[in-house]
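Structure at a glance
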Amino acid sequence: MRATGRAAPWLIAGLVLGLCGAVLQGQDARPRYRAFVLGSALSSVAAQVVLPPSDATAVHVRPALIQTLTWRQPYFAAGSNAPQTDPVGQIVFSFYNDQLFRLVIDYDRQRTEGMTDVDMVQALSETYGAIVKPKAKTSAKVPTQFDVESGEPIATWGTAEYSLVLFHSTFAGGFKVVVTSTELEVLARSATVLAMRLDQREAPQRAMAQQKKDEEDARTSQEKARVTNKAAFRP
């Protein structure tokens, strides 16, 4: 995944953070983070961050197509030699069957250095409103690798349509925000769990097929070398 040296249009325009209520009258009222609307197609998001859609990585291809696209903040601000001041360091976009269902926003550690949990909660609350209490758990869900890597949540905002959760980044340190479409996340999680089960079930068969291919490739290479060396051999 390569980073682009050009600032994306949504940065150049200086768009303000906002979900649902922050959008202007007449605009798309679907949940969003800055200019990124949950449910958008990969091609649309890729165009916004000035990356080719081919940069996306396919995480699973069945029973549903799960893809990720990573955008990294260029060091310098667009059109100048001044260092970047936007606190967003990286965004990972996740798609379920070509629909944006999650954004993981990692804030640059240098641009959030010294800030406390309280500072971050106050700043986010100015945009997203009051913190919401998480619903009582009705059943244990199977944790994914993403759940493990996200760490412990600090605070949650959102509605029935979306959630925005502030985390301490487990491995990189600093802060991260995860914005998720409630409906699409359920579908993506179910598809991911099923894909992992299918991978485990088919692993022995794939291993045998790979071993057979490797053996056939070795025989082909050996025969090619034999023909070449036999023709050129002189005792």
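Quick notes on the rules
- The residue count restarts for each chain, going from 1 along the sequence in the order it is written.
- For this predicted model, a pLDDT threshold of at least 70 governs which residues receive local features, and a threshold of 80 or more governs which side-chain atom pairs are given and counted, while totals over whole chains, interfaces and linings are taken from all residues.
- Each side-chain value is derived from all of the structure's non-hydrogen atoms; neither hydrogens nor water enter the calculation.
- Salt bridge, as used here, is a side-chain nitrogen of Lys or Arg placed within 4 Å of a carboxyl oxygen of Asp or Glu.
- Here's how the labels work: a residue is buried when its accessible area is under 20% of the maximum for its type, exposed when over 50%, partly exposed in between, all with a 1.4 Å probe on protein chains only.
- Secondary structure elements follow DSSP: runs of H or I no shorter than four residues count as helices, runs of E no shorter than two count as strands, and numbering proceeds from the N terminus.
- pLDDT: the predictor's confidence for each residue, scored from 0 to 100.
- The contact criterion used is simple: two residues touch if any of their non-hydrogen atoms lie within 4.5 Å.
- Side-chain atoms within 4.5 Å link the members of a nonpolar core, which is a set of buried Ala, Val, Leu, Ile, Met, Phe, Trp, Tyr and Cys residues.
- Strand pairing is defined by DSSP finding a minimum of two bridges between the two strands.
- A fitted line through C-alpha atoms represents every axis, and for helices the fit uses only the stretch in contact; the resulting angles, taken between N-to-C directions, go from 0 to 180 degrees.
- Multiplying 1.5 Å by the residue count of a helix minus one yields the expected span of that helix.
- Arc definition: it is the arc formed by the directions from the helix axis to the C-beta atoms.

1. A closer look at the pattern of salt bridges
Applying the stated criterion across every chain, the model contains six salt bridges. Salt-bridge contacts for Asp-108 lead to Arg-111; the nearest nitrogen and oxygen are separated by 3.6 Å. You can call Asp-108 partly exposed: its relative accessible area is 22%. Note that Arg-219 is salt-bridged to Glu-216, the shortest N-O span being 2.6 Å. Note that Arg-219 and Glu-216 are positioned in helix H5 (residues 182-232) at a spacing of three residues, about one turn of the helix.

2. Remarks on the confidence of the model for the protein
The predicted model of the protein has a mean per-residue pLDDT of 81, with 77% of residues at 70 or higher. Across the protein, the element-wise mean pLDDT spans from 48 in helix H1 (residues 9-12) up to 96 in helix H2 (residues 42-48). Confidence over residues 1-5 falls short of pLDDT 50; this stretch has 15 contacts with residues more than four positions distant or in other chains. Every residue in residues 12-26 scores below 50 in pLDDT, and together they form 29 contacts with partners more than four places removed in sequence or on other chains.

3. So, the environment of Leu-184
Residue position: Leu-184 is located in helix H5. For the pair formed by Leu-184 and Leu-38, sequence separation is 146 residues and the distance between their alpha carbons is 9.1 Å. Leu-184 has contacts with Gly-39, Tyr-96, Gln-99, Leu-100 and Phe-101, leaving out every residue within four places of it along the chain.

4. Describing the nonpolar core
Ranked by size, the top nonpolar core spans 31 residues in total, and within it Tyr-33, Phe-93 and Leu-103 carry the most contacts. Contact partners of Leu-103, with chain neighbours within four places excluded, come to Tyr-33, Phe-36, Leu-38, Ile-91, Val-92, Phe-93, Val-177, Val-178 and Val-179. With seven residues, the next largest nonpolar core counts Ile-66, Tyr-96, Leu-184 and Ala-191 among its residues.

5. With respect to the sheet that holds strand S9 (residues 175-181)
Read from one edge to the other, the open sheet built from seven strands follows the order S3-S4-S5-S6-S9-S8-S7, with strand pairing classed as antiparallel. Two strands lie at the open edges of the sheet, namely strand S3 (57-60) and strand S7 (153-158), each paired on one side alone. Strand-to-strand twist in this sheet, taken as the mean axis angle between neighbours without regard to direction, amounts to 20 degrees. With five bridges joining them, S7 and strand S8 (residues 162-168) adopt antiparallel strand pairing. Bridging from a neighbouring strand, Trp-157 pairs with Leu-164 of S8.

6. What to know about helix H3 (residues 117-128)
Over its 12 residues, H3 runs 16 Å from end to end, which matches the ideal 16 Å to within 8%, given 1.5 Å per residue. Of the positions making up H3, those classed as buried are Met-120, Val-121, Leu-124 and Tyr-128. Along H3, the residues classed as buried sweep out an arc of 95 degrees about the axis, all on the same side. In this structure, H3 carries Val-118 and Glu-126 as exposed residues pointing more than 90 degrees from its buried face.

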